[in-house]
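An overview of the molecular structure
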Amino acid sequence: MFKRTLIASAAALAIVGVMAAAPAFAQIKIGVAGPMTGSNATFGVQLKAGAEQAVADINAKGGVLGKQLVLEIGDDACDPKQAVSVANKFAADKVVFVAGHFCSSSSIPASKVYTEEGILQITPASTNPKFTDEGAWNTFPRLRS
């Protein structure tokens, strides 16, 4: 009887130790940024809906490398100053990848923050050559067919 109690207690302690050492829920934070408000909000709503669906689909299949994606939404209203604020918030929130910004006037200044903070950025719509002409390692325009 004593031996079984001792083994059960040791097993319980081992399980508690493993659970305490393991992260409760591994996550990867990603962001989508664009004009969620303002005159281009129609595009922002589409960006958000597409990103939410992509994250849901990826997470339903097990996530990325066994980690679930968490989506952060940034509203820049296609305003350069708001875009920099969004970029700084994403950096503070430890976002590692951003799909955005929609307008070149937002993508370009936000890209400076992302470069400094080590955040990968791809834009779904920005077409100003200045966005990639500066040669930052982390900025990618939409792919053209």
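1. Quick look at the nonpolar core
If you look at the biggest cluster of nonpolar residues, it comprises 12 residues: Ala33, Ala83, Val86, Ala87, Phe90, Ala91, Val95, Val98, Ala110, Val113, Tyr114 and Ile119. Of all the secondary structure elements, the ones that give two or more residues to this core are helix H3 (80–92) and helix H4 (104–117). Per-element accounting of this core gives the leading share, 5 residues, to H3. Not counting residues within four places of it along the chain, the set of residues in contact with alanine 91 comprises Glu117 and Ile119. Ranked by size, the runner-up nonpolar core spans 6 residues in total, among them Val32, Leu47, Cys78 and Phe102.

2. Here we look at the packing of aromatic side chains
The tally for this structure, following the rule as stated, stands at 1 aromatic pair. On the basis of an interplanar angle of 15 degrees and a centroid distance of 4.8 Å, the ring pair of phenylalanine 43 and phenylalanine 102 is categorised as stacked. Of the two residues, phenylalanine 43 is situated in helix H2 (residues 41–60) and phenylalanine 102 in the loop between strand S3 (97–99) and H4; the sequence distance between them amounts to 59 residues. A residue is classified by how much of its surface remains accessible, and phenylalanine 102, at 18% relative accessible area, is buried.

3. Some points on the pairing of strand S2 (residues 68–75)
Each regular strand shows side chains that alternate between the opposite faces of the sheet. Sheet topology places strand S1 (residues 27–34) next to S2; 8 bridges connect them, and they run parallel. Looking across to S2, one finds that isoleucine 28 is bridged to leucine 69. Tracing the backbone out of S1, into H2 and back to the parallel element S2 gives a crossover that is right-handed.

Parameters and conventions
- Residues numbered from 1 in each chain as written.
- Predicted model: local features only at pLDDT ≥ 70, side-chain atom pairs only at ≥ 80, totals over all residues.
- Heavy atoms only, no water.
- Core = buried A, V, L, I, M, F, W, Y, C linked by side-chain atoms within 4.5 Å.
- Buried < 20%, exposed > 50% of the residue type's maximum accessible area, 1.4 Å probe, protein only.
- Helix = DSSP H or I, 4+ residues; strand = E, 2+ residues; numbered from the N terminus.
- Contact = heavy atoms within 4.5 Å.
- Phe/Tyr/Trp six-rings, centres within 6.5 Å; stacked < 30°, edge-to-face > 60°.
- Pairing = 2+ DSSP bridges.
- Right-handed = clockwise from strand over helix to strand, strands pointing away.

Everything listed is a geometric property; what it means functionally is a separate question.
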